[in-house]
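# What the coordinates show
Listed here are the chains, written in short residue letters.
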Amino acid sequence: MKRIRLLLFLVLLAPIISFSQNMMLPNISVPGGISTGVISGAILSENLIGPRKVLFFGDQSVLQKEESGKKSLEFGFGIPGIDRLATRYSGKIFSPGIIEPFVFENKTSEELSLMEITVFPKILEQPYTLFIDLAVQVSSKLVQDNQSDDAGIYTAKINIRLIKI
């Protein structure tokens, strides 16, 4: 009975399980500098059968950090300021089992969230694994700008969902 519960739990949870990959970009040593990080061959999903639609999600897909000081408002309330870095994404979604790879270059997070990519396998009944190569490029503002970025650790999160067609 316990095995059946475990099997049922795994079967129901399987669509929720996803892969995760972390990327660490090199430090930007001078204001106005550029940093690039690359992930090659990260697995999006395995054992896919049939065509899929690939969607990018993420309200936090721009590299950002919360400022330590608060910006004050009237009536004594304050909100934390957020520093954001200009973030661009380039990459390729591919697999030996699909008809052709999809390539995108220098997309902002807003442009990524508007993209809908449809992936068609070469053979409908044959399982395939879908991979992604991803390059993230960020740049900081120059010192002369009024909104010069502070030093610190900036984070971002991008989610990629596969929807069966």
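Residues numbered from 1 in each chain as written. Predicted model: local features only at pLDDT ≥ 70, side-chain atom pairs only at ≥ 80, totals over all residues. Heavy atoms only, no water.

## Examining the nonpolar core
Residues Phe56, Ile93, Phe104, Ile117, Val119 and Leu130 are the most contacted members of the largest nonpolar core, which totals 23 residues. If one sorts the elements of this core by residue count, strand β8 (residues 128-139) sits on top with six residues. Setting aside its immediate chain neighbours within four residues, Leu130 contacts Ala42, Ile43, Leu44, Ser45, Leu48, Val54, Ile93, Phe94, Ser95, Ile98, Val119 and Leu162. (Core = buried A, V, L, I, M, F, W, Y, C linked by side-chain atoms within 4.5 Å. Buried < 20%, exposed > 50% of the residue type's maximum accessible area, 1.4 Å probe, protein only. Helix = DSSP H or I, 4+ residues; strand = E, 2+ residues; numbered from the N terminus. Contact = heavy atoms within 4.5 Å.)

## Some points on the pairing of strand β2 (residues 52-57)
Relative to strand β7 (residues 116-119), β2 runs antiparallel, the two sharing four bridges. Residue pairing in the sheet places Leu55 in a bridge with Glu116 of β7. The pairing of β2 with strand β9 (residues 159-164) spans six bridges and is antiparallel. Bridged to Phe56 within β9 is Ile160. (Pairing = 2+ DSSP bridges.)

## Some words on the sheet that holds β9
Read across the open sheet, the three strands follow the order β7-β2-β9; overall the sheet is antiparallel. Where the open sheet ends on each side, the last strands, each with one partner, are β7 and β9. Recorded for the sheet is a direction-independent mean angle of 25° between the axes of neighbouring strands. (Axes fitted to C-alpha atoms, helices over the stretch in contact; angles between N-to-C directions.)

## Here's the deal with unusual backbone geometry
Non-glycine residue Asn47 carries a positive phi angle of around 55°. Residue position: Asn47 is located in strand β1 (residues 34-48). The class for Asn47 is exposed, based on a relative accessible area of 62%. In this model, Asn106 sits at a positive phi of 50°, which is unusual for a non-glycine residue.

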